Amino acid sequence: MSDRPPVARRSPAEGSLRDRLPDFPWDRLAPYKQTAAAHPDGLVDLSVGTPVDPVPELIQKALTDAADSPGYPTVWGTPELRDAITGWVERRLGARDVTHRHVLPVVGSKELVAWLPTQLGLGPGDRVAYPRLAYPTYEVGARLARADHEAYDDPTELDPAGLRLLWLNSPSNPTGRVLAKDELTRIVAWAREHGVLLFSDECYLELGWEADPVSVLHPDVNGGSYDGIVAVHSLSKRSNLAGYRAAFLAGDPEVLGPLLEIRKHGGMMTSAPTQAATVAALGDDAHVREQRERYAARREVLREALLKHGFRIEHSEASLYLWATRDESCWDTVAHLAELGILVAPGDFYGPAGERFVRVALTATDERIRAAAQRLTSA
């Protein structure tokens, strides 16, 4: 028998992709969720912005009608899907002269955000920039590509050298801040002047409360040209389709064309039933208005209760969240609310600048929102 020590085997993932990523932040909420769930009246989970209302019937019907889809779908989508996207972009966003070459369906917006730098060919020495308070997947995407990443307050103050991808997010997740039209116009002009590719995450655009969000695809912003700009849109929130993974890009065909080819090789196809459901969703505005009314009512109840409880709310003029603070550590606030059976997201999930805020989602049933409000006002 050999007296050599056994050879340590490495996991296939060790030293590779996993090591480039931070710890998954939501795992840190587990003990607070356990505390909140022990409340006599049950948990009110306002931490994750996942829809809880039913998928509209016309969308469900479109999905089931397309259930007999034995063949592979295309990455580019059906002509009907591309017609639906181009029509919606022009009708809702005010875009002009949008063709099939200007749009591309994706398998939910999160996979696009996470893998975009890699699909663009970015790597060491390239830089990706995103807002100071931001959805953490922007940073994850840069890390996966081994690119450098940088947070900003004003993107036009960035050093453009080596800056290959600039993310905007309006309305913002987590703060609900909306970039005004003149601010968007200034940023688009700066990005073009310095040859920086601009992607605008506009997934909450139809959920403006105290502001009317504008897309970078609007001609007042881009001067009638889509050169160097792409908008990202999702049906998860506006149509309750988070479970369907339905989203799309619209903008510069010189950017979308190469992405299409890469995604063909990677098999990044939206399922055929989901494509049919997306056509139905984009063709109907009534269900979007109804869902907006639900969220507006929940927002009013929750906002009033938080203010009465001693919170200050900043921004929050759009999106599905209230950006709230008691001027203390976000984790102290999370612990305090957990004792009331309410779970929220700590602000430092979205960057160090959020360390004294919490993000409170509106995505709970009317009954659970009322329960949270009652606990806050009676505590």
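Procedures and definitions
- Residues numbered from 1 in each chain as written.
- Predicted model: local features only at pLDDT ≥ 70, side-chain atom pairs only at ≥ 80, totals over all residues.
- Heavy atoms only, no water.
- Helix = DSSP H or I, 4+ residues; strand = E, 2+ residues; numbered from the N terminus.
- Rg over C-alpha atoms; globule rule 2.2 N^0.38 Å.
- Buried < 20%, exposed > 50% of the residue type's maximum accessible area, 1.4 Å probe, protein only.
- Areas by Shrake-Rupley, 256 points an atom, 1.4 Å probe, with all protein chains shown as cover.
- Pairing = 2+ DSSP bridges.
- Contact = heavy atoms within 4.5 Å.
- Axes fitted to C-alpha atoms, helices over the stretch in contact; angles between N-to-C directions.
- Salt bridge = Lys/Arg side-chain N within 4 Å of Asp/Glu carboxyl O.
- Parallel < 35°, antiparallel > 145°, perpendicular 65-115°, else oblique.
- Left-handed = near helix turned anticlockwise from the far one by under 90°.
- Nonpolar A, V, L, I, M, F, W, Y, C, P; charged D, E, K, R; others polar.
- Phe/Tyr/Trp six-rings, centres within 6.5 Å; stacked < 30°, edge-to-face > 60°.
- Expected span 1.5 Å × (residues − 1).

> Tell me what's going on with the overall build of the chain, and back it up with residues and numbers.
Counting its regular elements, the chain contains twelve helices and 13 strands. Taking 2.2 N^0.38 as the reference for a compact globule, 379 residues should give roughly 21 Å; the C-alpha atoms of the chain span a radius of gyration of 22 Å, in line with that estimate. Overall, the chain is about 75 × 55 × 50 Å in size when its C-alpha atoms are taken along their principal axes. By residue count, 53% of the 379 residues in the chain fall in the buried class. Of the accessible surface of the chain, which amounts to about 16,900 Å², a share of 51% is contributed by carbon and sulfur atoms.

> An account of the sheet that holds strand E13 (residues 358–361) is needed here, citing residue identities and associated values.
The strand order E9-E10-E13-E12 describes an open sheet built from four strands, whose pairing is antiparallel. Every other strand in the sheet has two partners, leaving strand E9 (312–314) and strand E12 (345–346) as the edge strands with one partner each. Pairing between E9 and strand E10 (residues 321–325): three bridges, direction antiparallel. Opposite Ile313, over in E10, you have Ala324 as the bridge partner. Sitting on the sheet, helix H10 (residues 286–308) is in contact with E9, E10 and E13, with an inclination near 5 degrees to E10.

> Mind laying out the pattern of salt bridges, listing which residues take part and the relevant values?
Within this structure, the stated rule accounts for 24 salt bridges. Two residues, Glu111 and Arg263, come together in a salt bridge whose shortest N-O distance is 2.5 Å. Here Arg263 lies in helix H8 (residues 253–266) and Glu111 lies in helix H4 (residues 109–119), a separation of 152 residues in the sequence. Looking at Arg263, the relative accessible area reads 0%, which means it is buried. Linking Arg299 and Glu210 is a salt bridge whose minimum nitrogen-to-oxygen distance equals 3.0 Å. Of the two residues, Arg299 sits in helix H10 while Glu210 sits in the loop between strand E6 (197–201) and helix H7 (219–222), which places them 89 residues apart along the sequence.

> Got a sec to walk through the packing of helix H3 (residues 79–93) against helix H9 (residues 272–282)? Specific residues and values, please.
Contact geometry of H3 with H9 gives a least axis separation of 9 Å together with a crossing angle of 30 degrees. Considering their axes alone, H3 and H9 lie roughly parallel with respect to each other. Considering the relative orientation of H3 and H9, their crossing is left-handed. Mapping the contact onto sequence places Glu80, Leu81, Ala84, Ile85, Trp88 and Arg91 in H3 and Gln275, Thr278, Val279 and Leu282 in H9. Of the residues that constitute the contact of H3 with H9, the class distribution is six nonpolar, two polar and two charged.

> So what's going on with the packing of aromatic side chains? Residues and values would help.
Counting across every chain of the model gives twelve aromatic pairs. Between the aromatic rings of Tyr32 and Trp331, the centroid separation amounts to 5.3 Å while the plane-to-plane angle is 40 degrees, which identifies the pairing as tilted. Taken together, the residues span a long stretch of sequence, with Tyr32 in helix H1 (residues 30–37) and Trp331 in helix H11 (residues 330–339) at a distance of 299 residues. On the basis of relative accessible area, Tyr32 is assigned to the partly exposed category, the value being 23%. Ring centres of Trp167 and Phe199 lie 5.6 Å apart, and the angle between their planes is 65 degrees; on these two criteria the pair is classed as edge-to-face. With a gap of 32 residues between them, Trp167 in strand E5 (residues 163–169) and Phe199 in strand E6 connect regions that are remote in the sequence.

> Go over the environment of Pro174 with me, naming the residues and quoting the values.
Note that Pro174 resides in the loop between E5 and helix H6 (181–193). With 28 residues separating them along the chain, Pro174 and Arg146 place their C-alpha atoms 25 Å apart. Ignoring sequence-local partners within four residues, the contact set of Pro174 consists of Leu133, Ala134, Tyr321, Trp323, Tyr350 and Arg359.

> Before we move on, could you go through H10 and cite the residues and values that matter?
The end-to-end C-alpha distance of H10 is 34 Å, a good match for the 33 Å that 23 residues give at a rise of 1.5 Å each. Within H10 the residues assigned to the buried category are His287, Val288, Gln291, Tyr295, Arg298, Arg299, Leu302, Ala305 and Leu306. Where H10 is buried, its residues contact helix H2 (57–65), H9, E9, E10, E13 and helix H12 (366–378).

> Before we move on, can you summarise the pairing of strand E2 (residues 103–106) with the specific residues and values?
A two-sided burial pattern is seen for E2, the buried positions comprising Val103 and Pro105 on one face and Leu104 and Val106 on the other. Two elements, E2 and strand E8 (residues 247–251), share four bridges in a ladder whose sense is antiparallel. Paired with Pro105 across the bridge in E8 is Phe248.

> Give me the lowdown on the packing of H10 against H12, citing residues and values where you can.
Direction vectors running N to C along H10 and H12 enclose 15 degrees, while the axes themselves pass 8 Å from each other. As judged from the angle between their axes, H10 and H12 are roughly parallel. The two elements H10 and H12 cross, and the hand of that crossing is left-handed. From H10, Arg298, Val301, Leu302, Ala305, Leu306 and Lys308 reach across to H12, where they touch Asp366, Ile369, Ala372, Ala373, Leu376 and Thr377. Class assignment for the residues of the contact of H10 with H12 results in eight nonpolar, one polar and three charged.

> I'd like to hear about unusual backbone geometry, residue by residue, with values.
Cis geometry is found at the peptide bond from Ser170 to Pro171, where omega equals -5 degrees. Turning to its location among the elements, Pro171 is positioned in the loop between E5 and H6. The phi angle at Ser316 is positive, at roughly 65 degrees, despite the residue not being glycine. Here Ser316 shows up in the loop between E9 and E10. For Ser316, a relative accessible area of 0% translates into the label buried.

Interpretation note: all reported values are geometric properties and have no functional meaning in isolation.
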